[in-house]
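Fold and contact review
This is what each chain is made of:
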Amino acid sequence: NANWKPDGRLALSMAVNGTQGTAYTTNLYAILGSWTARFKYDIGDHSAPAADFFTFTLQSASPSSFEHGPQSAFAIMWRYFQDGSKNYLKMFTNGVEVMESYDTSPVNLPAGGTATMEIAHDPTAKTVTVITSQAAGSYTNIISDLDLRAALTGADSAYLGFGAATGGLNAE
């Protein structure tokens, strides 16, 4: 259900309960060296409270895969509805949650306005640094001991993309 909004923004899911969507590049990109991905996120239309999550995903499967969640080989998830209304940051490799941060304060994705996300991979240090920034400040998480090739089941290139899903509440 991913779609382009009239103003040029990509909506990964609809402001309807029980929806999901993905958008991936159509070309493979080398991912084993140093790289940085930056993008902006604005929650769009949503229920009160907003739910559930979106991901930045690297997968070696086809870009036509409709995998919206973290089942792909490597995913960073921003979950903005869990245990009430906390913002969580999670990392998944091969469908397994390997990292979870329970509080991303001062970042509040549903209420804090447009956010800037930066994800940087350092293969020498085997780290991924995730910085999420909004007007109220930034939240930084450094994920250590990450072998991206192993996380991608031996692949050295991947399709880059985004996924999102809603449940009993929603967000675009």
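The structure contained in this document is the topic of the report that follows. Please read all numbers here as calculations on a predicted model, not as lab measurements.

About the criteria used
- Residues numbered from 1 in each chain as written.
- Predicted model: local features only at pLDDT ≥ 70, side-chain atom pairs only at ≥ 80, totals over all residues.
- Heavy atoms only, no water.
- Salt bridge = Lys/Arg side-chain N within 4 Å of Asp/Glu carboxyl O.
- Buried < 20%, exposed > 50% of the residue type's maximum accessible area, 1.4 Å probe, protein only.
- Pairing = 2+ DSSP bridges.
- Helix = DSSP H or I, 4+ residues; strand = E, 2+ residues; numbered from the N terminus.
- Axes fitted to C-alpha atoms, helices over the stretch in contact; angles between N-to-C directions.
- Polar contact = N/O pair within 3.5 Å; in protein donor to acceptor, adjacent residues only side chain to side chain.

Time to look at the pattern of salt bridges. Think of it this way: side chains of opposite charge can pair up when their charged atoms draw near. The full count for this structure, using the stated rule, is 6 salt bridges. Between Lys90 and Glu97 there is a salt bridge, with the nearest N and O atoms lying 3.6 Å from each other. By relative accessible area, Lys90 is classed as buried at 7%. A relative accessible area of 36% places Glu97 in the partly exposed class.

Across the sheet, which stays open at both edges, the 4 strands sit in the order β5-β10-β11-β12 with antiparallel pairing between neighbours. Only two strands of the sheet have a single neighbouring strand rather than two, namely β5 (35–41) and β12 (137–143). Across the sheet, the mean angle separating the axes of adjacent strands is 10 degrees when strand polarity is ignored. Of the pairings in the sheet, the one linking strand β10 (residues 115–122) to strand β11 (residues 127–134) comprises 7 bridges and is antiparallel in character. Residue pairing for β11: Ala120 is matched across the bridge by Thr129.

Right, let's get into the side chain of Lys90. Relative to the elements of secondary structure, Lys90 occurs in strand β8 (residues 88–93). Side chain to side chain, Lys90 and Glu100 meet in a polar contact 2.9 Å long.

Before going further, it helps to spend a moment on the pairing of β10. Pairing analysis gives 7 bridges linking β5 to β10, with the strands arranged antiparallel. Looking at the pairing, Phe39 lines up with Met117 of β10. The antiparallel hairpin formed by β10 and β11 contains 4 residues in its connecting segment, where Lys126 sits at a positive phi of about 55 degrees.

Any functional reading would require information beyond the geometric quantities listed.
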